[in-house]
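Observations on chain architecture
One-letter residues, chain by chain:
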Amino acid sequence: MSIWEYANPKKFMETSAIALPWAAAATAACLVAGLVWGFFFTPDDYKQGSTVKIIYLHVPAALMAINAWLMMLAASLIWLVRRHHVSALAAKAAGPVGLTFTLIALVTGAVWGQPMWGTWWAWDPRLTSFLILALFYLGYIALWQAVENPDTAADLTSVLCIVGSVFAVLSRYAVNFWNQGLHQGATLSLDKEENISDVFYFPLLLCIGGFVLMFLTLVLLRTRTEIRVRRVQALLARERMA
Amino acid sequence: MDLTVTDLACARGGVTVLSRVSFRLGAGRALILRGPNGIGKTTLLRTVAGLQPPVAGMVSMSPEAVAYAAHADGLKATLTVAENLSFWAAIYGTTDTAAAMARMNLAALADRQAQNLSAGQKRRLGLARLLVTGRPLWVLDEPTVSLDAASVALFGAAVRDHLAAGGAALMATHIDLGLDEAEVLDLSPFRAEAPVAQAEDDPFAGVTA
Amino acid sequence: MDLTVTDLACARGGVTVLSRVSFRLGAGRALILRGPNGIGKTTLLRTVAGLQPPVAGMVSMSPEAVAYAAHADGLKATLTVAENLSFWAAIYGTTDTAAAMARMNLAALADRQAQNLSAGQKRRLGLARLLVTGRPLWVLDEPTVSLDAASVALFGAAVRDHLAAGGAALMATHIDLGLDEAEVLDLSPFRAEAPVAQAEDDPFAGVTA
Amino acid sequence: MLPDLGKYALPVLTAYGASLGLILAIVLLTLWRGTRVRRLLRDVEQRQGRTDV
Amino acid sequence: MIALLIRDLRLALRAGGGFGLGLAFFLLVAVLVPLGVGPESATLAKIAPGILWVGALLACLLSLDRIFALDYEDGSLDLLATAPIPLEGVVAVKAAAHWIVTGLPLTLISPLLALLLNLPPAGYGWLLASLALGTPALSVIGTFGAALTVGLKRGGLLLSLLVLPLYVPTLVFGAEAVRRGAEGMSVATPLLLLAGITAGVAALLPFASAAAVRINLR
Amino acid sequence: MIALLIRDLRLALRAGGGFGLGLAFFLLVAVLVPLGVGPESATLAKIAPGILWVGALLACLLSLDRIFALDYEDGSLDLLATAPIPLEGVVAVKAAAHWIVTGLPLTLISPLLALLLNLPPAGYGWLLASLALGTPALSVIGTFGAALTVGLKRGGLLLSLLVLPLYVPTLVFGAEAVRRGAEGMSVATPLLLLAGITAGVAALLPFASAAAVRINLR
Ligand code: HEM
Ligand SMILES: Nc1ncnc2c1ncn2[C@@H]1O[C@H](COP(=O)(O)OP(=O)(O)OP(=O)(O)O)[C@@H](O)[C@H]1O
Ligand SMILES: Nc1ncnc2c1ncn2[C@@H]1O[C@H](COP(=O)(O)OP(=O)(O)OP(=O)(O)O)[C@@H](O)[C@H]1O
Ligand SMILES: [Mg+2]
Ligand SMILES: [Mg+2]
């Protein structure tokens, strides 16, 4: 039995129906635990004060915003190569979720920036590339909405996703050209010296896990909906023919 | 060089409109498609011309052999008649635009911009394009719309010459084309039923609420 | 309520194409204009509809009494059939779109966007618009293009009802409209000559090197 | 109940409020559309009498 | 007439309308300018009022040719011209629809873009006020330009050239109001002048526009 | 293929083509920005590279939807798709025609507009060079966006939204090259990167564009 069997819509519906409640429960558990821990039971940072609590939303959202795009890229490739409908619909389902994460990262970042850097917005490379990522998401979602024929839409958005990924990387390099920016570098590196202290680290990990699970749950849910939409369309088309 | 259409089903807007259409069109023959408005003539012609994939069945001829003329004429309003025509001639790698213009009685209008033509004159120009494609199978969607009796006769003569030269023509129309020798295929019997069979092709079959 | 056209001359692209056209069209009557492609039927109809001024002569009826239907249908591709029709009904201050849709056999398509109609279905919608204008004189340019026999009959019935209700209809066409009771006017005799007489109106007459 | 957020109370609370709001929005949107489509599919199935698979 | 407004708005909202086209363009300008000019916030703050107003103006300008062109092409304008409503009314409604589709959303979103461009906070209110007062004038003037060029094949280019000089006073007063507002100076004079332009233009130009449409249809 | 290029250029030159539309828009931006921002020449000089590049980009963006839309509407694109030339070629020719009509004249006129915006004289050469290197990329990327949206009714808006993020790297490197040039710094890196983008994009994107057109015509 190959993994591709789950690409059959019917099979996918059956499997996902079993997986969904567990995923939802795990999401709720991780997220609530992580956020409550982070918000109520971590000390303030000596430099950043209580604003450090924003990290529990900001970092997971930023990570997942990028990962959601990567997942869309993979799903698009699978659709173009193997033409599994579930794959295309999963990419479609992930779009708005990714956009939401991008917006969360942007908003929390902006709110954080006001006390830390004295400005809501600066044209820092990382911030700028996130704004561009948001635009990519918007364009991708809009293209899905605009095309009537679902298979055509899947094809076009897949092509856009691939070309867009290349340009997203290029943009990142382009804006890096300006300056190093205000934003700090990666804190979650393996390098022990640079790592943040454990007090912040564990709740952060929990939150990241929560966001990953939330992404999974939402995408599953939305993919199921998209599959049902396609079924409705097929049935309605048949009805009109009669 | 025959066109064989086998068990063709074609769809528009996701709805299969025609199914199980089969016919054969030999060199030197013309076939006229008839059927009420909305039966799917345009859809069928586009499928044969390779502009959209069939839902099922097959078309024997590659789109490379087809010259397609749609409801829209593909004319550029600001180019003159001669310019419009020689552009298409260049695309198809032929050169004899003068003959085509003469055949469709456009010589006097050669330097007129297409936007200043009357409806019938535009249509004549659209038909003249067929003559410069040099392709064997003409696929024509209501070719004589807006044409007067004299122009319909011109068109009839052009089609006859094309057939005599070993070409073939597949046409949809509601009115008389003045081509008595053409066979007629009524599409009404091929209207797609609510297809139980389609469930097999439907990747989403079996999905329930 | 009669349309009297007296010694009308009309021009397109600065060239007078028809001159000295005169006819009378009484209430309850229909007049069909015939003539080869490019003679100036469209130009004449636009002049009668008040869309362009005559070069000479006059049209007795004010454009307020005219419902004009051109080669183009004036449909909005993204509006549904019902929306397209009720917009025009609102503009003309009438309300009965349901009846118009029923007459033109559009009821089943009411919620379809205009871009998803076949050529003939679009035309039917264009004709249904006439029914909601409530205007006495219909000026129609090739109204039955792309229509199948059944739709032509629908159109014929609609025109007859319009005439019976005291309306009038002026139509240009190359094909049979199925209206045997209509009078026919051939425009060929009115083709504008190289106009020596026109020099009188020409404000630049008499200017020489 | 709330921990002492010091002078940064406003930004921290805004960040949490906005983020949770956005998350709630996408979740509700997903669920709403899900139930609607589900109902639609059920209606269509009933109308067609489940003649086919 | 209301039917026409509703239809135009509906067309704009449906796919194909170009609702949001102006908005998107405005956004575009606000994102691209910093990318081009570079990230220094002092420079950006300084040019923000001007750039925002230029962006709003260009966004309006872009959508002008759709005001009549689509109706002209599919024959609706012919039919509207022979319909029992005054052409002045048609023109005014078209201008209003254009404003609702372009000027209004643009005004509402402007504070967000001001953020991107680092406009000093004191300028936010004045930016909103000046755009709310000024964009109707842009729509009405633009409709006049569109009316002059209905049916011309070179429409787009000509339209921009015709309308540009007519837009200059609105632009200058609008940007000046925001700049003064951002620097904490008095903004009464430019705002009043802006309001004057809008009122005058809305009262008089529809007649000129209707005449232009009539001439072009002939 | 040459015939197609000639036809497209001829269409652009005839009334109705939109030749000069991009140029006019570029001019517009260069005139409006000083009007909006105010006349201080130091500020203007500072933002000139960015504004000129943003103007060029917007000018390109505006004419994108004509690349395929006109041919789609009148049925020519269907005919071209069934014609005996590869669709990749058609797409490449369309991009080339767009560049000749938009990017090339824009590049040539840019020094004049640089004058209006007080660009330091050292930057003139680099402005020309960067535009000459960068505008082909804009045309090719734009053709890709246009191909994605052929036949869509919401074309215009969607097109801008899709193309905007794709334009970012070109814009940043282009403007950066001019800015460095104007300040007398080394411009080699951004110019090289710009050339790299153009080359890569011209070699690869036509395939994606042709695929998109094919999908859309289906
Ligand atoms: C709108 C503004 C902002 C955006 C779009 C943004 C975006 C991002 C992104 C994309 C990451 C990367 C995650 C990764 O690669 O690992 C990140 C991480 C982070 N950001 Fe922000 N940020 C913004 C503002 C801020 C501000 C104002 C601060 C605090 C002063 C901040 C602190 C952090 C920290 C501490 C991390 C974790 C770094 C890491 O683990 O890699 N950010 N942000
Ligand atoms: N999106 C859609 N959904 C459902 N049906 C559609 C859609 N688009 C088109 N159709 C229908 O497909 C059918 C086939 O249209 P087609 O243009 O092929 O007809 P036709 O035979 O050429 O008609 P005509 O003689 O009027 O030109 C029509 O009945 C049309 O209404
Ligand atoms: N700019 C122009 N210069 C010269 N002649 C022109 C110009 N524009 C149009 N014409 C001519 O005017 C004539 C009248 O056109 P019109 O559209 O009225 O013809 P019609 O009778 O409606 O023809 P059809 O039956 O083909 O629709 C045509 O012969 C046309 O070629
Ligand atoms: Mg048809
Ligand atoms: Mg005519």
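Residues numbered from 1 in each chain as written. Chains lettered and ligands numbered in written order. Predicted model: local features only at pLDDT ≥ 70, side-chain atom pairs only at ≥ 80, totals over all residues. Heavy atoms only, no water.

**What about the relation of the copies chain E and chain F?**
Note the following rule: Superposing copies: least-squares fit, C-alpha atoms only, residues required to have pLDDT of at least 70 in both. By the convention used here, residues are in contact when the closest approach between their heavy atoms is within 4.5 Å.
Mapping chain E onto chain F is achieved by rotating through 179° and translating by 0.0 Å along the same axis, at an RMSD of 0.2 Å. Such values leave the two copies arranged in the relation of a two-fold axis. Of the interface residues in chain E, 98% have counterparts in chain F that sit at the interface too, so the contact is made through matching surfaces.

**Considerations on the interface of chain E and chain F**
Put simply, the rule reads: Put simply, buried area is how much 1.4 Å-probe accessible surface two parts lose in total, over both of them, once they are put together. Pairs of N or O atoms within 3.5 Å make up the polar contacts considered here, provided that, within protein, one atom can donate a hydrogen while the other can accept it, and that residues adjacent in sequence are counted only when both atoms are side-chain atoms. Under the DSSP-based scheme used, a helix requires at least four consecutive residues in state H or I and a strand at least two consecutive residues in state E, with every element numbered from the N terminus.
On the chain F side, the residues contacting the 40 residues of chain E number 39 residues. Counting the surface lost from both chain E and chain F, the interface buries some 3300 Å², and carbon and sulfur atoms represent 78% of this. For the chain E face of the interface with chain F, the top three residues by lost area are Leu28, Leu32 and Leu157 of chain E, together amounting to 15%. Inspection of the region where chain E meets chain F yields 7 residue pairs in polar contact (both at pLDDT 80 or more). Elements represented by at least two residues in the side of chain E that touches chain F include exactly helix 2 (21-37), helix 3 (41-63) and helix 8 (155-182) of chain E.

**Examining the site of ligand 3**
Rules: Here a residue is considered near a molecule or strand provided that any single heavy atom belonging to it is located within 4 Å of it. Charged residues are taken to be Asp, Glu, Lys and Arg, nonpolar residues to be Ala, Val, Leu, Ile, Met, Phe, Trp, Tyr, Cys and Pro, and polar residues to be all remaining types, Gly included.
Taken together, the neighbourhood of ligand 3 is formed by 20 residues, with Arg112, Ser118 and Gly120 of chain B together with Thr42 and Thr43 of chain C sitting nearest. Around ligand 3, the neighbouring residues derive from chains B and C rather than from a single chain. Residue glycine 38 of chain C places a main-chain N or O atom 2.8 Å away from an oxygen atom belonging to ligand 3. Isoleucine 39 of chain C is positioned with one of its backbone polar atoms (N or O) 3.4 Å from an oxygen atom of ligand 3. For the shell around ligand 3, the secondary-structure elements that each account for two or more residues are helix 4 (119-133) of chain B together with strand 2 (15-25) and helix 1 (41-48) of chain C. In terms of residue class, the shell around ligand 3 is made up of 4 nonpolar, 12 polar and 4 charged.

**As for the packing of aromatic side chains**
All names here are of chain A. What counts is decided by this rule: Geometry of aromatic contacts follows a simple scheme: Phe, Tyr and Trp rings, the Trp one being its six-membered ring, pair when their centres are within 6.5 Å, and the pair is stacked under 30 degrees between planes, edge-to-face over 60, tilted otherwise. The cut-offs for exposure are 20% and 50% of the maximum accessible area for each residue type, with area from a 1.4 Å probe on protein chains only; residues under the lower value are buried, those over the upper are exposed, and the others partly exposed.
Tallying each qualifying case throughout the model produces 12 aromatic pairs over all chains. Ring geometry for phenylalanine 101 versus phenylalanine 215: centroids 6.4 Å apart, planes at 45°, classification tilted. Pair noted here: phenylalanine 101 is in helix 3 (residues 85-117) and phenylalanine 215 is in helix 6 (residues 198-241), with a separation of 114 residues, a long-range link. Overall, the relative accessible area of 8% leaves phenylalanine 215 in the buried class.

**Regarding helix 9 (residues 188-217) of chain E**
Residue and element names in this part refer to chain E. Using the following cut-off: What a helix is expected to span follows from its residue count: subtract one and scale by 1.5 Å. Fitting axes to the seven residues ending at a residue and to the seven starting there, one defines the bend at that residue as the angle between these axes.
Between the first and last C-alpha of helix 9 there are 43 Å, a value that for 30 residues agrees with the 44 Å anticipated at 1.5 Å per step. The largest bend in helix 9 amounts to roughly 40° and is located at leucine 205, with the proline proline 206 lying one to four residues further along. Residues Pro190, Leu191, Leu194, Thr198, Val201, Leu205, Pro206, Ser209, Ala210, Ala212, Val213 and Leu217 constitute the buried set of helix 9.

**With respect to the coordination of the magnesium ion (ligand 4)**
Residues and elements named next belong to chain B. Condition: Donor atoms: N, O and S within 2.8 Å of the metal, or within 3.2 Å for Na, K and Ca. Because water is excluded, sites can look incomplete.
At this site the magnesium ion (ligand 4) is bound by Thr42 (OG1) and His71 (NE2), with donor distances of 1.9 to 2.6 Å. Of this pair, threonine 42 sits in helix 1 (residues 41-48) while histidine 71 sits in the loop between strand 5 (66-69) and helix 2 (81-91), and the two are 29 residues apart along the sequence. Classification of histidine 71 by relative accessible area gives partly exposed; the value is 32%.

**Comments concerning the pairing of strand 7 (residues 168-172) of chain B**
Residue and element names in this part refer to chain B. What counts here: Note on pairing: two strands pair once DSSP finds at least 2 bridges between them. Look down the strands so they point away from you; if going from the first strand over the helix to the second traces a clockwise path, that crossover is right-handed.
Burial within strand 7 is extensive, with 5 of its 5 residues counted as buried. Where burial is concerned, the two faces of strand 7 agree: the one with Ala168, Leu170 and Ala172 and the one with Ala169 and Met171 are both buried. By the bridge criterion, 4 bridges tie strand 3 (residues 30-34) to strand 7 in an arrangement that is parallel. Bridge pairing in strand 7 links leucine 31 to leucine 170. Where the polypeptide runs from strand 6 (residues 137-141) across helix 5 (residues 149-164) and back to strand 7, its parallel neighbour, the crossover connection is right-handed.

**Looking at the interface of chain B and chain C**
Chain B puts 21 residues into the contact, and the matching count from chain C is 21 residues. Roughly 1400 Å² of surface becomes buried between chain B and chain C when both sides are summed, with 46% attributable to carbon and sulfur atoms. The interface formed by chain B and chain C contains 14 residue pairs in polar contact (both at pLDDT 80 or more). Per-element accounting of the side of chain B that touches chain C gives the leading share, 4 residues, to helix 4 of chain B. Here the residues of the side of chain B that touches chain C are counted per class, giving 6 nonpolar, 11 polar and 4 charged.

**Brief notes about the confidence of the model for chain B**
So the rule is basically this: As a per-residue measure, pLDDT tells how confident the predictor is, with possible values from 0 to 100.
Per-residue pLDDT for chain B averages 87, and the proportion of residues at 70 or more is 96%. Reported for the predicted complex are a pTM of 0.86 and an ipTM of 0.84.

**Some thoughts on the UniProt feature "transmembrane region" (unreviewed entry) in chain A**
Residue and element names in this part refer to chain A. What counts, and what does not: UniProt positions are given in the numbering used here, feature names are shortened, and annotations may be inferred rather than shown by experiment.
Per the UniProt annotation, the sites labelled "transmembrane region" (unreviewed entry) are residues 20-42, 54-81, 93-115, 127-147, 159-179 and 199-221. The span residues 54-81 shows a helical share of 96% and a strand share of 0%, and its end C-alpha atoms are spaced 41 Å apart. Regarding residues 127-147, the helix share stands at 95% and the strand share at 0%, and the terminal C-alpha atoms are separated by 31 Å.

**Describing a nonpolar patch on the surface**
Residues and elements named next belong to chain A. Quick note on the threshold: For patches, a residue must show more than 30% relative accessible area and have no salt bridge; joins then use 9 Å for like charges and 5 Å for nonpolar side chains, namely Val, Leu, Ile, Met, Phe, Trp and Tyr. Computed with a 1.4 Å probe, the accessible areas rest on the Shrake-Rupley method; for each residue, only the protein chains presented here act as cover. Salt bridge criterion: a side-chain nitrogen from Lys or Arg within 4 Å of a carboxyl oxygen from Asp or Glu.
On the surface, a cluster of nonpolar side chains totalling about 570 Å² of accessible area is made up of Val32, Val36, Trp37, Phe41, Phe202 and Leu205. For the nonpolar patch, the secondary structure elements donating two or more residues are helix 1 (9-40) and helix 6. Looking at the nonpolar patch, the element that brings in the most residues is helix 1, giving 3 residues. For leucine 205, the position within the fold is in helix 6.

**Notes on the arrangement of the chains**
Looking across the 12 pairs of chains in contact, one finds the most contacts between chains E and F. Considering only C-alpha positions, the minimal separation of the non-contacting chain D and chain E is 16 Å. The two units chain D and chain F never meet; even their closest C-alpha atoms stay 22 Å apart.

**Quick notes on the sheet that holds strand 6 (residues 137-141) of chain C**
Residues and elements named next belong to chain C. Selection rule: Each axis is a line fitted through C-alpha atoms, taken for helices only over the stretch in contact, and angles between the N-to-C directions span 0 to 180 degrees.
Read across the open sheet, the 5 strands follow the order 5-6-7-3-8; overall the sheet is parallel. The open sheet is flanked by strand 5 (66-69) and strand 8 (183-186), the only strands paired with a single partner. Strand-to-strand, the axes of this sheet are offset by a mean angle of 15°, without reference to chain direction. Strands in contact with helix 5 (residues 149-164) are strand 3 (30-34), strand 6 and strand 7 (168-172); relative to strand 7, the strand with the most contacts, it is inclined by about 140°.

**Focus: the site of ligand 2**
Around ligand 2, 21 residues are found, and the nearest of them are Thr42 and Thr43 of chain B together with Arg112, Ser118 and Gly120 of chain C. Between ligand 2 and the protein, one listed contact pairs an oxygen atom with a backbone N or O atom of glycine 38 of chain B at 2.8 Å. Within the backbone of glycine 40 of chain B, an N or O atom sits 2.8 Å from an oxygen atom of ligand 2. Contact with the protein chains hides 95% of the accessible area of ligand 2, taken as 650 Å² for the molecule alone. Taken together, the residues of the shell around ligand 2 sort by class into 4 nonpolar, 12 polar and 5 charged.

**Focus: empty space enclosed by the protein**
Operational definition: Here a cavity is any set of points on a 1 Å grid over the protein atoms alone where a 1.4 Å probe fits but cannot get out, and a pocket is any open set with protein on both sides within 12 Å along at least 5 of 7 lines; a residue lines the site when it has an atom within 4 Å of a point. Grid points are joined across faces, edges and corners, and a volume is the space filled by probe spheres set on the points.
Taken as a whole, this structure holds 5 cavities of 30 Å³ or more when the rule is applied. In this structure, the largest cavity spans a volume of roughly 70 Å³. Every residue along the wall of the largest cavity is listed here: Val29, Val33, Ile51, Val54, Gly55 and Leu58 of chain E together with Val29, Val33, Ile51, Val54, Gly55 and Leu58 of chain F. Its residues placed into classes, the lining of the largest cavity shows 10 nonpolar, 2 polar and no charged. Considering only enclosed or pocket space, the second largest cavity measures out at about 60 Å³ in volume.

**A look at the sheet that holds strand 4 (residues 56-59) of chain B**
All names here are of chain B. Spatial strand order, 2-1-4: 3 strands in an open sheet with antiparallel pairing. Of all the strands in the sheet, just strand 2 (15-25) and strand 4 have a single pairing partner and so form its edges. Each strand axis lies, on average, 30° off the axis of its neighbour in the sheet, ignoring direction. Looking at chain direction, strand 1 (residues 3-12) and strand 2 are connected through 7 bridges and run antiparallel. Directly across from alanine 11, in strand 2, lies its bridge partner threonine 16. Packing against the sheet, helix 1 makes contact with strand 1, strand 2 and strand 4, and its axis sits at approximately 125° to strand 1.

**Considering unusual backbone geometry**
In this structure, glutamate 142 of chain B is a non-glycine residue whose phi angle is positive, near 45°. Within the secondary structure layout, glutamate 142 of chain B lies in the loop between strand 6 and helix 5. Judged by relative accessible area, which is 7%, glutamate 142 of chain B ranks as buried. Unlike most non-glycine residues, asparagine 105 of chain C shows phi in positive territory, near 60°. Of note, asparagine 105 of chain C is situated in the loop between helix 3 (97-103) and helix 4 (119-133).

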